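What follows is the residue order along each chain.
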Amino acid sequence: MTVLGGCGGWPAAGQACSGYLIEASGFRLLIDPGYATLPRLLTYVDAAEVDAVLVSHEHPDHCADLNPLLRARALREDPPPPLPVHALPGALDAILALDHEMLTERRHTYDLHTFGDRDQLTIGPFVVDVRLLPHFVTNAGFRITASAVLAYTGDCGPDPGVVELAHEADALIAEATYVDEVSDPSSLGRLSTARDAAWQANAAGARRLMLTHLWPGTASNEAIRAAREHYPGPLSVAAPGAVLEI
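## Here's the deal with the confidence of the model for the protein
When pLDDT is averaged along the protein, the result is 97, and 100% of the positions lie at 70 or above. Mean pLDDT in the protein bottoms out at helix H4 (residues 100-106), which sits at 86, and peaks at strand S4 (residues 52-54), which reaches 99.

This is how it looks when you write it as structure tokens:
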């Protein structure tokens, strides 16, 4: 798993929002192509070499760069086959409305597949279990299994579903917008802190924790400090270029 970005809300200078490239058995699955992730993705693979995309929810810091990814595939002399895109119903309506005539009508650039709560998807070599988790909009967390297990929360407040998804997972990538406490009252129950992510990872028995979606300007060492109080295992912050061999 290669981190393309881990900023929450918008990309800080030189950074990118959520984006993760997961590879197994030669298959490349792109999760949450948020703002500014495509240029980073293209340093690792060609746009045509992405085999599928999986999106947790509709906020653009998790899906905006799907549009330039599709353009990079459609506007080449030898367009690849349609890209399988997996998302919640309606989550990508706004993004896919961009260039609709070119990407959909003139060139069949993608195949959209929708899923719901507690569905189980098969995407290449990956089995993906879906669990809806609380956020401002409908958000899906994933338990992704191949030869190992990776759990991912999307964006969410603390919830037993996170512990369920991450049960004895080899790694948990968990949203940690805030450090010690959620400072915006409107975000209570809808976003998490590094402390929240840590105690849920510990309760789940996850073998590794990576904090992501930190608010721009948040110091990584502060997030690590808060999480370490509740999680004793390997701990890191999602930074562009970070790689997990799971």
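There's plenty left to go through after this.
## Remarks on helix H7 (residues 220-228)
Within H7, the full set of buried residues consists of Ala223, Ala226 and Ala227. End-on, the buried residues of H7 take up no more than an arc of 95°, which puts them together on one face. Those residues of H7 that are buried are in contact with helix H6 (194-204), strand S12 (209-212) and strand S13 (235-237).

## Describing the environment of Gly8
Position of Gly8 relative to the elements: it lies in the loop between strand S1 (2-5) and strand S2 (19-24). When neighbours within four sequence positions are excluded, Gly8 is seen to be in contact with Asp61, His213, Leu214, Trp215 and Pro216.

## Brief notes about the nonpolar core
Membership of the largest hydrophobic core comes to 53 residues, with the highest contact counts inside it found for Met1, Leu41, Val53, Leu54, Leu66, Leu69 and Phe142. Residues in contact with Met1, not counting those within four places in the same chain, are Tyr20, Leu21, Ile22, Leu150, Ile173, Met210, Ala242, Val243, Leu244 and Ile246.

## Description of the packing of aromatic side chains
Ring pairs (aromatic) are described by centroid distance and by the angle formed between their planes. Summed over all chains, the structure comprises four aromatic pairs. Both rings, one in Phe27 and one in Phe126, keep their centres 6.2 Å apart while their planes meet at 70°; by these two values the pair is edge-to-face. Pair noted here: Phe27 is in strand S3 (residues 27-31) and Phe126 is in strand S8 (residues 126-133), with a separation of 99 residues, a long-range link. Its relative accessible area of 18% is what places Phe27 among the buried residues.

## Regarding H6
Within the sequence span of H6, burial applies to Ala194, Asp196, Ala197, Ala198, Gln200, Ala201 and Ala204. In this fold, the buried residues of H6 make contact with helix H5 (160-165), strand S11 (171-175), S12 and H7. You can read the cap of H6 off the contacts: a side-chain oxygen lies 3.3 Å from the backbone nitrogen of Arg195, and it is on Thr193. Where H6 ends, the next residue or the one after it, Gly205, has phi of about 75°, a positive value.

## Section: the pairing of strand S9 (residues 139-145)
For S9, a buried count of six out of seven residues is recorded, marking the element as mostly surrounded by other parts of the structure. Relative to S9, S8 runs antiparallel, the two sharing seven bridges. Counterpart to Asp129 in the pairing with S9 is Arg143. Hairpin connection of S8 to S9: five residues between the antiparallel strands. If you look at the hairpin formed by S9 and strand S10 (residues 149-152), you'll find three residues sitting between the two strands.

## Regarding the sheet that holds S9
The strand order across the open sheet built from seven strands is S7-S8-S9-S10-S11-S12-S13, with neighbouring strands paired in mixed fashion. This sheet does not close on itself; its edge strands, each paired only once, are strand S7 (120-123) and S13. Recorded for the sheet is a direction-independent mean angle of 20° between the axes of neighbouring strands. Examined bridge by bridge, S12 and S13 share three bridges and lie parallel to one another. The residue of S13 that forms the bridge with Leu209 is Leu235.

## Quick word on the pairing of S7
Side-chain alternation along S7 places Leu121 and Ile123 on a buried face and Gln120 and Thr122 on a face that remains uncovered. Bridging between S7 and S8 involves four bridges; their strand directions are antiparallel. Considered in S8, the bridge of Thr122 is made with Val127. Two successive antiparallel strands, S7 and S8, enclose a turn made up of two residues, where Gly124 displays a positive phi of approximately 55°.

Definitions and limits used
Residues numbered from 1 in each chain as written. Predicted model: local features only at pLDDT ≥ 70, side-chain atom pairs only at ≥ 80, totals over all residues. Heavy atoms only, no water. pLDDT = per-residue confidence, 0-100. Helix = DSSP H or I, 4+ residues; strand = E, 2+ residues; numbered from the N terminus. Buried < 20%, exposed > 50% of the residue type's maximum accessible area, 1.4 Å probe, protein only. Arc of directions from axis to C-beta. Contact = heavy atoms within 4.5 Å. Core = buried A, V, L, I, M, F, W, Y, C linked by side-chain atoms within 4.5 Å. Phe/Tyr/Trp six-rings, centres within 6.5 Å; stacked < 30°, edge-to-face > 60°. Polar contact = N/O pair within 3.5 Å; in protein donor to acceptor, adjacent residues only side chain to side chain. Pairing = 2+ DSSP bridges. Axes fitted to C-alpha atoms, helices over the stretch in contact; angles between N-to-C directions.

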